[in-house]
Amino acid sequence: MNLIEAVIAAFKPRPSTREHRGAATTTTTEVLSRNAERLMRTKGVMSVGVGRTPEGEPAIVIGTDRMDAEAAEALPGEIEGIPVIRHQIGHVEAQDVR
Amino acid sequence: MDTTGGLAVALSRARESLHDRGNVVATGIGYKVTGGVRTADLAIICSVTEKQPLTALSADDVIPPDVDGFPTDVVATGPITALAVHVDRMRPAPGGVSIGHHRITAGTLGCVVHRSGEPLILSNNHVLANSNDALPGDAILQPGPIDGGTMETDLIATLDRFIPIVMAGESSTCAFANGVAAVANWFARLGGSNARLLAVTERAADNLVDAATAVPLSPDLVSATVYGVGDIAGQARAELGMPVVKSGRTTGVTVGEILQVDVTVDVGYGAGQVARFSDQVMAGAMSQGGDSGSAILDAEHRIVGLLFAGSERTTVINRIEHAFGALEIGV
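Residues numbered from 1 in each chain as written. Chains lettered and ligands numbered in written order. Predicted model: local features only at pLDDT ≥ 70, side-chain atom pairs only at ≥ 80, totals over all residues. Heavy atoms only, no water.

Novice: Honestly, the packing of aromatic side chains in this entry has me stumped. Any pointers?
Specialist: Aromatic ring pairs are described here by two measures, namely the spacing of the ring centres and the angle between the planes. All names here are of chain B. For the structure shown, the criterion picks out 2 aromatic pairs over all chains. Here the aromatic rings of Phe277 and Phe308 are separated by 4.6 Å at their centres, their planes lie at 50°, and the arrangement is tilted. Taken together, the positions of Phe277 in strand S17 (residues 274-284) and Phe308 in strand S19 (residues 303-310) put the pair 31 residues apart, joining distant regions of the chain. You can call Phe308 buried: its relative accessible area is 0%. By way of ring pairs, the aromatic residues Tyr269, Phe277 and Phe308 are connected into one cluster. (Phe/Tyr/Trp six-rings, centres within 6.5 Å; stacked < 30°, edge-to-face > 60°. Helix = DSSP H or I, 4+ residues; strand = E, 2+ residues; numbered from the N terminus. Buried < 20%, exposed > 50% of the residue type's maximum accessible area, 1.4 Å probe, protein only.)

Novice: What am I meant to see in the interface of chain A and chain B here?
Specialist: Quoted interface sizes are often the accessible area lost when the parts come together. Listed by partner, the interface residues are 28 residues for chain A and 38 residues for chain B. For the pair chain A and chain B, the summed buried surface comes to about 2,600 Å²; carbon and sulfur atoms form 50% of the total. Summed over the three residues of chain A that lose the most area to chain B, namely Val92(A), Gln95(A) and Val97(A), the buried surface amounts to 30% of that side. Joining chain A to chain B, the criterion identifies 0 salt bridges. Among the secondary structure elements, those contributing two or more residues to the side of chain A that touches chain B are helix H2 (17-40), strand S1 (45-52), strand S4 (82-88) and strand S5 (93-94) of chain A. Element by element, the count of residues in the side of chain A that touches chain B is highest for S1(A), at 7 residues. Its residues assigned to classes, the side of chain A that touches chain B shows 12 nonpolar, 10 polar and 6 charged. Summarising the sheet, S5(A) and S19(B) pair through 2 bridges and their orientation is antiparallel. Note on S19(B): the bridge partner recorded for Glu93(A) is Gly310(B). (Contact = heavy atoms within 4.5 Å. Buried area = accessible area lost by both parts, 1.4 Å probe. Salt bridge = Lys/Arg side-chain N within 4 Å of Asp/Glu carboxyl O. Nonpolar A, V, L, I, M, F, W, Y, C, P; charged D, E, K, R; others polar. Pairing = 2+ DSSP bridges.)

Novice: Got a minute to help me understand the sheet that holds strand S14 (residues 230-231) of chain B in this structure?
Specialist: Each strand in a sheet pairs with another by means of backbone hydrogen bonds, the pair being arranged parallel or else antiparallel. All names here are of chain B. Taken together, 3 strands build an open sheet; the order of strands is S5-S13-S14 and the sheet is mixed. The sheet terminates laterally at strand S5 (93-95) and S14, the two strands that pair on one side only. Strand direction decides the pairing type here: S5 and strand S13 (residues 222-226), joined by 2 bridges, are parallel. From the neighbouring strand, Ala93 faces S13, where its bridge partner is Val222.

Right, here's the structure in full:
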């Protein structure tokens, strides 16, 4: 990028980070709703939801039981361009006194 | 990044060494407070009986400024006796204390809500209605049976309404579909037909809430406050990244952050029963068995959710708007 392009880029109006993130989260929700049922049928998957990557970008989070490495590898790294995060959460139980 | 998860790992590694120091009485995860103002930074909170100047402490008793790169914060709480209180009998009973249907162990009294001006107790179906196995009018005890509550001395309320939980593999519980089938079958019998029409849906709709209400025997048996937190200041919508707090029977007052929204999750109800919930929100680990029914509040103490399930690493929460709508209640 030369100096002139850099100056133009710096003054170009951009959506605020907040607006950008809001819109992106909506898209992630739409992508998840199309794929949630299929993902929940995968053995070892306990939950799916919309969260964020370490960089703060919207992501689909797949909560898993203690999966073997092969099953974990079979999960997609991204869905329709949305990053996927795998999070081993174990079994989710109703929380009365057990 | 699951910051809370990283913090929890760091804390579990350092917990023993922190508790070995002089007057540390509790450790947990919370927001660092600087100059009396809560910052946005999560920290390892060390509760001490009293704050002392560094010069008065031996080197072994000084709390390090950080643990595995996570900041620490020292809070003077005095000797901890508060947790025991959550399982005690309390009149009036606030949110955050032990409660339960007379045939369960115990869960948490979420908070006082209202329908047509009448005060009601809000908690989970599996706390107040024994996971669908109860009838309106059944006895509700505070504290719950496992904490010593008995029918003779600790009756506080009777079951009002509960939203049935549809377990996986169950046939339709839709009253309208069953009603249609019953009417059709009546006509079929009139016509001498042996063909029976069954109410069947392809797949039961996902659950939205595990919620129930109970009517206190008298309005002055319950308190509008949440124990250790304060009064509820209205209602809000849970959003990604929102800091939240709860007061519960087992782990007392804990804080967390909404890490996921639009969550679909399979939840175990014991005896191999599983129920699927959709449109839930998820926080990091901030609860254990017995905390079910806790009200989830935002930083301004507005109610945003109803805690009902969790694992070692997560807490699952109903959106409060779904619970309020289904039970026709409000703050």
